[in-house]
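# Coordinates in review
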Amino acid sequence: MLRVFLVLLPLLTAGRALREGECEVCLKVIDKFSAAAKKAGAKKSNAIEKVIQKECKKFKDSKETRMCYYIGGTDDAATRMLQSVSKPMSHHLPSSKICQKLKKKDSAICELRYEKPIDLEGKDIGKMRVKQLKKILSTWGEKCNGCTEKRDFVKLVEKLKPKYAPSKEDRDEL
């Protein structure tokens, strides 16, 4: 009896709906693809595939580019699952259903998670590690050209902080 249950368990859990917070990258990326396809007027599967490949080239976030890699939207992708995305999109399936189907084919797709944003409010930037400072700059889409020492990174983060991470007082004024 236990063996039968263990054999049937994967089959029973494969068809279940997505839980809250599960497949967050997939859901967001599929929504971006849908918006881009709608804007481009792509209705057929082949046209949607071209839109997906075009959008994948625009992504800067590492998790979104990884998602594109998994579905075959990048040039260096080992698999080609674009039809598994474009066909359901052409039939106007919601992103949650598309991600649910993708999860059955490759569970790694739903294991992608966005990194939690770093809250700079009340943190002493001078005490942060260079690796953390570089990560902050990369999430902001900035690079520190000519930075050789930690103080260079600290100066740049302090200079850009009001632009990308305004304090509570600055947000309240807006």
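Keep in mind that what you see is a predicted model, and the values were worked out from it rather than measured.

## Some points on the layout of surface pockets
- There is about 590 Å³ of room inside the largest pocket.
- Considering the residues around the largest pocket, the lining is formed by 18 residues, among which D61, K135, S138, T139 and W140 are closest to the centre.
- Only α4 (62-71) and α8 (130-139) provide two or more residues apiece to the lining of the largest pocket.
- Per-element accounting of the lining of the largest pocket gives the leading share, four residues, to α8.
- Class assignment of the residues belonging to the lining of the largest pocket gives a composition of eight nonpolar, four polar and six charged.
- Each pocket or cavity is described by its volume, and for the second largest pocket that value is around 260 Å³.
- Considering the residues around the second largest pocket, the lining is formed by S34, A37, K38, G41, A42, K43, I48, M89, S90, H92 and L93.
- For the lining of the second largest pocket, the secondary-structure elements that each account for two or more residues are α2 (24-40) and α5 (82-90).
- Here the lining of the second largest pocket takes three residues from α2, the largest share from any one element.

## Some remarks on the state of the cysteines
- Under the criterion given, the structure shown has four disulfides.
- A sulfur-sulfur distance of 2.1 Å marks the disulfide that ties C26 to C99. Classification of the bridge connecting C26 and C99 rests on its S-S torsion, roughly -100°, and on that basis the disulfide is left-handed. With C26 in helix α2 and C99 in helix α6 (residues 95-105), this residue pair connects regions lying 73 residues apart in the sequence.

## Brief notes about the packing of aromatic side chains
- In the structure shown here, the tally under the stated rule is three aromatic pairs.
- Note on F33 and F59: the rings are 6.0 Å apart at their centroids and 35° apart in plane angle, and the pair reads as tilted. One end of the pair, F33, is in helix α2; the other, F59, is in the loop between α3 (45-58) and α4, and 26 residues separate them in sequence. Accessibility classification places F33 together with F59 in one group, the buried group.

## Quick notes on a positive patch on the surface
- Among the surface-exposed residues, K97, K101, K104 and K105 lie close enough to one another that they form a single positively charged patch.
- Within the secondary structure, K97 is located in helix α6.

## So, the packing of α3 against α5
- Relative orientation of the contacting elements α3 and α5 amounts to 120°, with a least axis distance of 8 Å. Taken together, α3 and α5 sit at an angle that is classed as oblique. In the crossing of α3 with α5, the sense of the turn from one axis to the other is right-handed. Within the contact between the two elements, α3 uses S45, I48, E49, I52 and Q53 and α5 uses L82, Q83, V85, S86, K87, M89 and S90.
- A breakdown of the residues in the contact of α3 with α5 according to their chemical character gives five nonpolar, five polar and two charged.

About the criteria used
- Residues numbered from 1 in each chain as written.
- Predicted model: local features only at pLDDT ≥ 70, side-chain atom pairs only at ≥ 80, totals over all residues.
- Heavy atoms only, no water.
- 1 Å grid on protein atoms, 1.4 Å probe; cavity = no way out; pocket = protein on both sides within 12 Å on 5 of 7 lines; lining within 4 Å.
- Points joined across faces, edges and corners; volume = space filled by probe spheres on them.
- Helix = DSSP H or I, 4+ residues; strand = E, 2+ residues; numbered from the N terminus.
- Nonpolar A, V, L, I, M, F, W, Y, C, P; charged D, E, K, R; others polar.
- Disulfide = S-S within 2.5 Å.
- Phe/Tyr/Trp six-rings, centres within 6.5 Å; stacked < 30°, edge-to-face > 60°.
- Buried < 20%, exposed > 50% of the residue type's maximum accessible area, 1.4 Å probe, protein only.
- Patch = residues over 30% accessible without salt bridge, like charges linked within 9 Å, V, L, I, M, F, W, Y side chains within 5 Å.
- Areas by Shrake-Rupley, 256 points an atom, 1.4 Å probe, with all protein chains shown as cover.
- Salt bridge = Lys/Arg side-chain N within 4 Å of Asp/Glu carboxyl O.
- Lys, Arg positive; Asp, Glu negative; His and termini not counted.
- Charge placed at Lys NZ, Arg CZ, Asp CG, Glu CD.
- Axes fitted to C-alpha atoms, helices over the stretch in contact; angles between N-to-C directions.
- Parallel < 35°, antiparallel > 145°, perpendicular 65-115°, else oblique.
- Left-handed = near helix turned anticlockwise from the far one by under 90°.
- Contact = heavy atoms within 4.5 Å.

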